[in-house]
Amino acid sequence: ARDAYQAVGPASLDVDDLERLAVAAYLTGADDESDAAWVRAHELCLGKGDHRRAAGCAFWLGWNLMFRGDMAGSTGWYARTRTLLGGEPETCAVGGMLQVVEALGHLAAGDLAAAHAGFEQAGIIGERCGAPDVVARAADRFGAQCIVVAIDAKTVAPGRWEIFTHGGRRAT
């Protein structure tokens, strides 16, 4: 996939393709190429006024930098993410992932109570936003035994049950 995107050239790619290129480059160890694709996608989103998606691009660039040990770079991109989300970080998956990052910081500092609360909040945001990857990352650090998922079953006809989510409002 990376070769195909490189043949076209990043300048002619749309945001969807740039995000795919960023992930493909990251997974194949081409960190600089991944970073450049995230930055370009971020810029395109800003140009279109799509601040939430720009925040997502900024977040993933920060995430990648953090796991490569570039804490200054990641902190800057996380700050940009928070700014773009404004006062609504609890309303989207990116906000939940920011909560995971903050909880990781508390964990690294040895503040287990704050880490526990942060991972719990990330799981709540992930469930609220319908983002199972956020719930999974919170469960991975917080402990799967601490993440409670309810299954609602209703009788929909005599002898017939159906499973619902979202407090019994959405049929599966």
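Coordinates for the structure precede this section.
If you're wondering where the values come from, they're calculated on a predicted model, not measured in any experiment.

Asker: So what's going on with the packing of helix H2 (residues 15-27) against helix H3 (residues 31-48)? Residues and values would help.
Answerer: Contact pair H2 / H3: the axes reach a minimum separation of 8 Å and the direction vectors enclose 160°. Overall, the two elements H2 and H3 adopt an arrangement that is roughly antiparallel. Seen from above, H2 lies across H3 with left-handed handedness. Note on element contacts: H3 touches H2 through Asp 31, Glu 33, Ser 34, Ala 37, Trp 38, Arg 40, Ala 41, Leu 44, Cys 45 and Lys 48, opposite Val 15, Leu 18, Glu 19, Leu 21, Ala 22, Val 23, Ala 25 and Tyr 26. Looking at the contact of H2 with H3 residue by residue, the class counts come to 12 nonpolar, one polar and five charged.

Asker: Could you give me a rundown of the side chain of Asp 35, with the residues and numbers involved?
Answerer: Looking at the element boundaries, Asp 35 is found in helix H3. Owing to a relative accessible area of 13%, Asp 35 belongs among the buried residues under this scheme. Excluding residues that lie within four positions of it along the chain, Asp 35 makes contacts with Leu 61, Leu 65 and Arg 68.

Asker: Describe in detail a nonpolar patch on the surface, supporting the description with residues and values.
Answerer: Together, Val 23, Tyr 26, Leu 27 and Phe 67 make up a nonpolar patch on the protein surface, roughly 400 Å² of accessible area in all. In terms of residue count, H2 provides more of the nonpolar patch than any other element does, three residues in total. Among the residues examined, Leu 27 registers a relative accessible area of 65% and is labelled exposed.

Asker: Give a detailed account of the pattern of salt bridges, specifying residues and quantitative values.
Answerer: For the structure shown, the criterion picks out six salt bridges. A salt bridge links Arg 53 to Asp 16; its shortest N-O distance comes to 2.3 Å. Here the residue Arg 53 occupies a position in helix H4 (residues 51-67), and Asp 16 occupies one in helix H2, the gap between them amounting to 37 residues. Glu 19 is the partner of Arg 53 in a salt bridge, and the nearest nitrogen-oxygen pair spans 2.9 Å. You can see Arg 53 sitting in helix H4 and its partner Glu 19 sitting in helix H2, a full 34 residues away along the chain. Overall, Arg 53 belongs to the partly exposed group, its relative accessible area being 27%. Beyond isolated ion pairs, a larger network of salt bridges with shared partners links Asp 16, Glu 19 and Arg 53.

Asker: An account of the nonpolar core is requested, with residue identities and associated values reported.
Answerer: Phe 59, Trp 63 and Tyr 78 are the most contacted members of the largest nonpolar core, which totals 36 residues. Listing elements by their share of this core, those giving two or more residues are H2, H3, H4, helix H5 (71-85), helix H6 (93-108), helix H7 (112-129) and helix H8 (132-142). Broken down by element, the residue count for this core peaks at nine residues, all from H4. Contact partners of Tyr 78, with chain neighbours within four places excluded, come to Phe 59, Gly 62, Trp 63, Met 66, Leu 98 and Val 101.

Asker: Any chance you could break down H6 for me, citing the residues and the numbers?
Answerer: With 16 residues, H6 should reach 22 Å at 1.5 Å per residue; the first-to-last C-alpha distance of 23 Å fits that figure. One or two residues past the end of H6 sits Gly 110, with phi positive at roughly 85°.

Asker: Any details on the environment of Ser 34? Residues and values, ideally.
Answerer: Tracing the chain through its elements places Ser 34 in helix H3. The class for Ser 34 is buried, based on a relative accessible area of 0%. Spatially, the C-alpha atoms of Ser 34 and Glu 19 are 8.8 Å apart, while their sequence positions differ by 15 residues. Contacts of Ser 34, omitting those with residues within four sequence positions, involve Ala 22, Ala 25, Tyr 26 and Asn 64.

Reading the values: the criteria
- Residues numbered from 1 in each chain as written.
- Predicted model: local features only at pLDDT ≥ 70, side-chain atom pairs only at ≥ 80, totals over all residues.
- Heavy atoms only, no water.
- Axes fitted to C-alpha atoms, helices over the stretch in contact; angles between N-to-C directions.
- Helix = DSSP H or I, 4+ residues; strand = E, 2+ residues; numbered from the N terminus.
- Parallel < 35°, antiparallel > 145°, perpendicular 65-115°, else oblique.
- Left-handed = near helix turned anticlockwise from the far one by under 90°.
- Contact = heavy atoms within 4.5 Å.
- Nonpolar A, V, L, I, M, F, W, Y, C, P; charged D, E, K, R; others polar.
- Buried < 20%, exposed > 50% of the residue type's maximum accessible area, 1.4 Å probe, protein only.
- Patch = residues over 30% accessible without salt bridge, like charges linked within 9 Å, V, L, I, M, F, W, Y side chains within 5 Å.
- Areas by Shrake-Rupley, 256 points an atom, 1.4 Å probe, with all protein chains shown as cover.
- Salt bridge = Lys/Arg side-chain N within 4 Å of Asp/Glu carboxyl O.
- Core = buried A, V, L, I, M, F, W, Y, C linked by side-chain atoms within 4.5 Å.
- Expected span 1.5 Å × (residues − 1).

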